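Topology and contacts: notes
For reference, the chains in residue letters:
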Amino acid sequence: MERILTHLNLVTMAPDHGYQVIENAMVIIREGKISYAGPYQADLLSQTKGEVMDCQQALVTPGLIDCHTHLVFAGNRANEFEQRLNGVPYETIAKAGGGILSTVRATRDATEDELFSLAMERLAGLKRDGVTTVEIKSGYGLTTNDELKMLRVARRIGEQADIKVSTTLLAAHALPPEFAGRSDDYITLVCDEIIPAAAKENLADAVDVFCEGIGFSTAQSARVFEAANAHGLMIKGHTEQLSNLGGSALAARMGAKSVDHIEYLDEAGVDALAAHNTVATLLPGAFYFLRETQQPPIALLREKGVPMAISTDFNPGTSPIASLRTMMNMACTFFRLTPEECLRGVTVNAAQALGMQESCGQIQVGMAADLALWRVSSPAELSYRMGVPDLIARVVDGEFFYQPDNR
Ligand code: DI6
Ligand code: FE
């Protein structure tokens, strides 16, 4: 069964046309994959059997990819947000059990069904922005059972068929209270028990580490990456978010698909990313929410040709913002990325950050028919405007999901 989309303006992000709009274009979908994408061709249309859909001049881009989220958790931290704005010091909140560990408690107490329905609500926000693939991390369980529980919820979201999910085990996110003063022992648990269990049940596509003074050291991160590599899982890092420990270069050398945050990355770190073709994932939501002033080294990343991705980092502590288009706008305003770099950052480069560059992130023959149809006239509008419901539909493996009330 084929489907022919006509009367559309096409932005493929593929090497031949990239960001350039192909007007009056045509896309043919066969068995969930792109079989043609390019200028309108009357004879091709007449040769093709199937349903013809008039897209009424919609702009069609690859479906957007949010390559870094913590979408599965229970509770929220609005109370702490409010306390801080009322002058309560962070230390007081932390001593009273606030911060990441309050989310850990709530997540441990929640059932899989509860976590699933909470995550689905948050996901609705991302879908409104045309997201067809999302990465979801664990990291609020911090026991074998609770980490696997989070990953099972993430996998179940992917089985709903209207969005693709890539899962990441982030057991090395924070030190659980049971291991206070024994962080090396916790890393041993992560390497010897949690990673093997997640690999055995096929629950994780990748493994991530929070490599930071308040997280885990580079030596501990290396142990986690080694265990992940030994189990054939991809690796990624939360690195150089608050200080420069060299975690990004370490992760790149060990084969990381991406390193994320990277406000404090130095030139040697950028060189390591360039040498290993590691994606630099920018998270402007956390930059905004933490009122960070240290800029990621955008000029150096550009100069050395490091691919940049952009993501929401959706999480209850530092980025409670379920909008990838808001992140595109913030990447322009805070980091001075161009709208072209932003669209690349949520399509082709985000796919690379997930090791999915062969199957999605571009509109190219043979790739999955994962598309977003927009009521906009130029791709720059996607980074320019926030909050206006511009999305008409998402297409996942050739299947259409219309945005309610916006057909
Ligand atoms: N960096 C972050 O910004 C989040 N995790 C991390 O490693 C914060 C997560 C939270 O506060 O719940
Ligand atoms: Fe994160």
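Residues numbered from 1 in each chain as written. Chains lettered and ligands numbered in written order. Predicted model: local features only at pLDDT ≥ 70, side-chain atom pairs only at ≥ 80, totals over all residues. Heavy atoms only, no water.

With that settled, the discussion passes to the pattern of salt bridges. For the structure shown, the criterion picks out 24 salt bridges. The salt bridge involving aspartate 185 is made with arginine 182; its shortest N-O contact spans 3.4 Å. Residue classification places aspartate 185 among the partly exposed residues on the basis of a relative accessible area of 39%. Residues participating in the shared-partner salt-bridge network are Arg325, Glu381, Arg385 and Asp390. (Salt bridge = Lys/Arg side-chain N within 4 Å of Asp/Glu carboxyl O. Buried < 20%, exposed > 50% of the residue type's maximum accessible area, 1.4 Å probe, protein only.)

All right, on to the site of ligand 1 then. Every residue close to ligand 1 is listed here: Arg77, Ile100, Tyr140, His173, Phe210, His238, Gln241, His261, Asp313, Asn315, Gly317 and Thr318. Contact distances for ligand 1 include 2.6 Å between an oxygen atom and a side-chain N or O atom of tyrosine 140. Side-chain polar atom of threonine 318 to an oxygen atom of ligand 1: 2.8 Å apart, as the coordinates give it. Taken by itself ligand 1 offers 320 Å² of open surface, and the protein chains cover 95% of this. (Near = heavy atom within 4 Å. Polar contact = N/O pair within 3.5 Å; in protein donor to acceptor, adjacent residues only side chain to side chain. Areas by Shrake-Rupley, 256 points an atom, 1.4 Å probe, with all protein chains shown as cover.)

This part covers the pairing of strand β11 (residues 279–282). Within a regular strand, the side chains alternate between the two sheet faces. Alternating residues of β11 divide into Val279 and Thr281 and Ala280 and Leu282, and every residue in both groups is buried. Assessed by its sense of winding, the connection that carries the chain from strand β10 (residues 258–261) through helix α10 (residues 267–276) to β11 is right-handed. For β11 and strand β12 (residues 308–310), the ladder comprises three bridges, and the chain directions are parallel. Counted as the bridge partner of threonine 281 is alanine 309 from β12. (Helix = DSSP H or I, 4+ residues; strand = E, 2+ residues; numbered from the N terminus. Right-handed = clockwise from strand over helix to strand, strands pointing away. Pairing = 2+ DSSP bridges.)

A separate point is the packing of helix α6 (residues 144–158) against helix α7 (residues 183–200). The interhelical angle for the contact between α6 and α7, taken along N-to-C directions, is 35 degrees, at an axis separation of 10 Å. The element α6 and its partner α7 pack so that their crossing is right-handed. Listed contacts from α7 to Thr144, Glu147, Leu148 and Leu151 of α6 are Leu189, Glu193, Ile194, Ala197 and Ala198. Along the lines of polarity and charge, the residues of the contact of α6 with α7 split into six nonpolar, one polar and two charged. (Axes fitted to C-alpha atoms, helices over the stretch in contact; angles between N-to-C directions. Left-handed = near helix turned anticlockwise from the far one by under 90°. Contact = heavy atoms within 4.5 Å. Nonpolar A, V, L, I, M, F, W, Y, C, P; charged D, E, K, R; others polar.)

Let's shift gears to the pairing of β10. Pairing of strand β9 (residues 234–239) with β10 involves four bridges; the strand directions are parallel. Looking at β10, one finds that threonine 239 is bridged to histidine 261. The β-α-β motif built from β9, the intervening helix α9 (residues 247–253) and the parallel element β10 has right-handed crossover chirality. Pairing of β10 with β11, which is carried by three bridges, proceeds in the parallel orientation.

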